[in-house]
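Fold and geometry: a report
Listed here are the chains, written in short residue letters.
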Amino acid sequence: MQFHEVRFPATLSFGSVGGPERRTDVVTISNGYEERNSPWAHSRRRYDAGMGMRSLDDIETLIAFFEARFGQLFGFRWKDWSDYRSSKPSLDITAFDQALGTGDGTQTEFELQKTYQSGSYDYIRPISKPVAQTVRVGVNGVELQEATDYAVDLTRGVITFAQAPAAGADVSAGFEFDVPVRFDTDRIQTSIASFQAGEVPNVPIVEVRI
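For every chain, the first residue of the written sequence is number 1, and numbering continues from 1 along that sequence. With the structure being a predicted model, the display of local features is reserved for residues of pLDDT at least 70 and the display and counting of side-chain atom pairs for 80 or more, all residues being used for whole-chain, interface and lining totals. Side-chain calculation: all heavy atoms of the structure are included, whereas hydrogens and water are not.

1. Here's the deal with the packing of aromatic side chains
Given two aromatic rings, one states the distance between the centres and the angle between the planes to describe the pair. When two rings of Phe, Tyr or Trp (its six-membered ring) have centres within 6.5 Å they constitute a pair, described as stacked for plane angles under 30 degrees, edge-to-face for angles over 60, and tilted for the intermediate range. In total, this model carries 16 aromatic pairs according to the counting rule given. On the basis of an interplanar angle of 45° and a centroid distance of 5.0 Å, the ring pair of F76 and F183 is categorised as tilted. Taken together, the residues F76 in strand β6 (residues 75–78) and F183 in strand β16 (residues 179–183) connect sequence positions 107 residues apart. Think of it in three bands: with a 1.4 Å probe and only protein chains considered, a residue is buried below 20% of the maximum accessible area for its type, exposed above 50%, and partly exposed in between. With relative accessibility at 0%, the residue F76 sits in the buried group. Ring geometry for F110 and F161: centres 5.7 Å apart, planes at 85°, overall edge-to-face. Taken as a pair, F110 in strand β8 (residues 109–111) and F161 in strand β14 (residues 158–161) lie far apart in primary sequence, 51 residues in all. Exposure class is identical for F110 and F161. Each is buried. Here the aromatic cluster, defined as three or more aromatic residues joined through ring pairs, consists of F8, Y47, F65, F66, F76, W78 and F183. When the NZ atom of lysine or the CZ atom of arginine is within 6 Å of a ring's centre and also within 35 degrees of its normal, the charge is said to sit over that ring. Above the ring of F65, the side-chain terminus of R69 is found at 4.4 Å from the ring centroid. In this description a helix means any DSSP run of H or I spanning at least four residues, a strand means any run of E spanning at least two, and both kinds are numbered starting from the N terminus.

Below, the structure written as structure tokens:
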């Protein structure tokens, strides 16, 4: 994977428009009923970074970032301001926000994930790009210490324990995270005249699988 571990300027992603998309194949059969199927196990997010441009300095920053990524060639981190925490926006992050699994006495690696629940249904989203110094980990309701009890792989979203959690122990974590993305275009079109008139460039961003 061609990926740069650098975040798109958060001041520019603030105000952007976007969110998750799904792919669903819908077939209407002869009796009028539908058959629906999705080939995607996970949603993919799309954004428009152009909505965050507020000045000509922002445009210059955007172009520099675009050129350094060689257009679509290299992926990068993106802060989705509407969904970047393990907890609700109104709550502080804790080591017990998200369940990661149950210890078996031998497993030392656990992948970060976030669960979205509605009623009795839920969706578990893999988290591959946690933000440095935001990850908190707990086992059986006790918060552990990073570097002493566990290590965090910020490029994969994996927690590695110094000692495997005991069998039956609940493993949990709290964190901030970025979305792995790339530019969905090899061309950025800007115009000082149109920008000063209130028109912003279209800068499509799409999530990539890691």
